[in-house]
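Commentary on secondary and tertiary structure
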Amino acid sequence: MNIDSLIKEADRCVKCGLCLPHCPTYQQRQDEGDSPRGRIALMQGLAQKKLPLNENLFNHLDRCLVCRACEAMCPSEVKYGELIEATRATLFNETAAPSGRAADMMQRFVTAPTHRRNLSRLLRIYQRSGLGWLTRHSGLLRPLGLQRLAGVLPKLSSALPTQRYHPPIGEQKGEIGLFVGCMGDSLDTTTTHAAIKLLTHLGYGVHLPAKQNCCGALHQHRGDLKQADRLAKENRDAFDGLNIDALIYCASGCGSTLQKLEPMGCNDAPVMEIGQFLAQAKWPEALTLRPLSKQIAIHLPCSLTHVLKQGHTPEALLSKIPGITLLPLPDNQNCCGAAGDYMIRHPEIADELRDSKLRQLDTMRPAILVSSNIGCALHIAAGIRNAGLKIEVIHPITLLARQLP
Ligand code: SF4
Ligand code: SF4
């Protein structure tokens, strides 16, 4: 979006204020500058050069979670997501504001596949040695500013197989390209293993190209569109030439950037979130999932509801498990505070938003919480650990794969 279109789009805001009660930062701070309406006015003033860029203005825009709850509620359909993305890109080029050691480390970790996989290997050894617990609890990381980052690290499961193609089991339905992103091959291999198992059992051959990389969502959030475009090109090249029916991804947070990659593959394969794909796929008639008599809470990430408009799919899919009790979190329309690297850069706001989810979980006491986005899952799981609750946090796909016969 260029400056002229930005000013025109911001003009479409009629200042009705209907979005204000849905904005988490406005709810917390009760400051017009931290509301969608206020931010739109600031972005417009900045673009028209009527407002100077100062620290106060920068902070109002930086505190936005880009959860897009405001956009979903706006009767005028103002494209808030595009406005903030374009503004952050300008700010990124003009200010080069530091994001802090932990956020910088996170950005480096996600974009270098070899470095990422090697570091995950080391982390697995480190966690199994018991040193992970010791380092986290001894305060050794505090002077390095990494305590917070270490606090969200999950217990890592086994590395991904080096096998690049997983053939279908039973009658073949089609071919899938599986995008695993930066987390699916490092901190969240559990979900990737589950996706391969589920898709192959449903009759899909799964391609896992080695050269794929991070989707670039973290960079896009921050305004670094150059890096996001570079990653998009890498991913397009990684999947190019594969004869696939769809390109599937598991972390809903990858959706807004990956959708820009369409069409992919040599036959214009659509790009889809795995839940969306599975909800419309024809399941083998003979396949019955094993029953589960447990209470399962459902967290809906903003990326799934407000961006992809697929908030209904986790419940629809998990209902296939006989005996299951599904409990959507009562405030699923509100952001949990993870929002990419926001949980590292704005820990106080992020934790306050998460506390509301933790209070609900404390009352509900489910056995498992499912979340379709790894960033949200890590942030909420860290809160669950700190609160001493015994609730497992997994992707809905992991639960479905566990219940395969
Ligand atoms: S963004 Fe939409 S809902 Fe919010 S004040 Fe403007 S027109 Fe109203
Ligand atoms: S994207 Fe979320 S945090 Fe940002 S203005 Fe909209 S509702 Fe508020």
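1. Thoughts on the overall build of the protein
From N to C terminus, the protein includes 22 helices and nine strands. When the 405 residues of the protein are sorted by exposure, 45% land in the buried category. If you take every contact in the protein between residues at least 6 apart in sequence, the share linking residues at least 24 apart comes to 77%.

2. A few points about the nonpolar core
Counting residues in each nonpolar core, the largest one holds 105 residues, and the members touching the most others are L178, A195 and I248. The element best represented in this core is helix α21 (residues 374-386), accounting for eight residues. Built from parts of two domains, this core gets at least three residues from each of domain 1 (3-95) and domain 2 (295-402). Not counting chain neighbours up to four residues away, the residues in contact with A195 comprise L178, C250, I274 and I397.

3. A few points about the packing of helix α3 (residues 36-47) against helix α4 (residues 55-62)
For the pair α3 and α4, the least separation of the axes is 10 Å and the interaxial angle reads 130°. Viewed along their axes, α3 and α4 adopt a mutual orientation that is oblique. In the crossing of α3 with α4, the sense of the turn from one axis to the other is left-handed. Counted together, G38, R39, L42 and L46 of α3 and L57, H60 and L61 of α4 form the full contact between these two elements. Here the contact of α3 with α4 is composed, by residue class, of four nonpolar, two polar and one charged.

4. Some thoughts on the sheet that holds strand β6 (residues 295-299)
Spatial strand order, β7-β6-β8-β9: four strands in an open sheet with parallel pairing. At either margin of the open sheet sits one strand with a lone partner, and together these are β7 (325-328) and β9 (392-394). Strand after strand, the sheet turns through a mean of 25° between neighbouring axes, direction not considered. Alignment of β6 against strand β8 (residues 368-371), held across four bridges, turns out to be parallel. Directly across from I296, in β8, lies its bridge partner I368.

5. Regarding the site of ligand 1
Taken together, 14 residues are adjacent to ligand 1, and C13, C16, C19, R37 and C74 come closest. When residues of the shell around ligand 1 are assigned to their parent elements, the largest contribution, three residues, is made by α3. Considered class by class, the residues forming the shell around ligand 1 number ten nonpolar, two polar and two charged.

6. Digging into unusual backbone geometry
Even without a glycine there, the phi angle at E77 is positive, about 55°. By the secondary structure assignment, E77 is in the loop between α5 (69-73) and α6 (80-95). We classify E77 as exposed; it has 9 C-beta atoms within 10 Å. The backbone of R365 sits at a positive phi, close to 50°, despite the residue not being glycine.

7. Section: the packing of α3 against α6
Running from N to C, α3 and α6 cross one another at 45°; their axes reach a closest spacing of 11 Å. In terms of orientation, α3 and α6 fall into the oblique class. In the crossing of α3 with α6, the sense of the turn from one axis to the other is left-handed. Here α3 contributes P36, I40, M43 and L46 to the contact with α6, which in turn contributes Y80, L83 and T87. Residues belonging to the contact of α3 with α6 are distributed by class as follows: six nonpolar, one polar and no charged.

8. Looking at the pairing of strand β4 (residues 246-249)
Burial of the side chains of β4 extends over both faces: A246 and I248 are buried on one face and L247 and Y249 on the other. Sheet topology note: the strand β2 (residues 174-179)/β4 ladder contains four bridges and is parallel. Counted as the bridge partner of G177 is L247 from β4. As judged from the three bridges shared by β4 and strand β5 (residues 271-273), these two strands associate in the parallel manner. Each bridged residue has a counterpart across the sheet, and for L247 the counterpart in β5 is V271.

9. Points about the pairing of β8
Regular strands show a simple pattern: their side chains alternate between the two faces of the sheet. Note: β8 against β9, three bridges, orientation parallel. Its bridge partner being in β9, L369 is matched across the sheet by V393. Crossover β8 to β9 through α21 is right-handed.

10. Topic: the site of ligand 2
Ligand 2 sits among 14 residues. The nearest are C23, P36, C64, C67 and C70. Looking at the shell around ligand 2 residue by residue, the classes come out as ten nonpolar, two polar and two charged.

11. Concerning the environment of C74
One can find C74 in the loop between α5 and α6. Accessibility expressed as a C-beta count within 10 Å gives 22 for C74, which makes it buried. Remark: the alpha-carbon pair of C74 and L18, spanning 56 residues in sequence, is separated by 6.8 Å.

12. With respect to the sheet that holds strand β3 (residues 204-207)
Spatially, five strands are ordered β1-β3-β2-β4-β5 in an open sheet, and the strand pairing comes out mixed. Of all the strands in the sheet, just β1 (165-166) and β5 have a single pairing partner and so form its edges. In the packing of helix α12 (residues 189-201) onto the sheet, contacts are made with β1, β2 and β3, and the angle to β3 comes to roughly 145°.

Calculation notes
Residues numbered from 1 in each chain as written. Chains lettered and ligands numbered in written order. Predicted model: local features only at pLDDT ≥ 70, side-chain atom pairs only at ≥ 80, totals over all residues. Helix = DSSP H or I, 4+ residues; strand = E, 2+ residues; numbered from the N terminus. Buried ≥ 20, exposed ≤ 12 C-beta atoms within 10 Å, placed from the backbone. Contact = placed C-beta atoms within 7 Å. Core = buried A, V, L, I, M, F, W, Y, C linked by C-beta atoms within 7 Å. Domains from an automatic or database assignment. Axes fitted to C-alpha atoms, helices over the stretch in contact; angles between N-to-C directions. Parallel < 35°, antiparallel > 145°, perpendicular 65-115°, else oblique. Left-handed = near helix turned anticlockwise from the far one by under 90°. Nonpolar A, V, L, I, M, F, W, Y, C, P; charged D, E, K, R; others polar. Pairing = 2+ DSSP bridges. Near = placed C-beta within 6 Å. Right-handed = clockwise from strand over helix to strand, strands pointing away.

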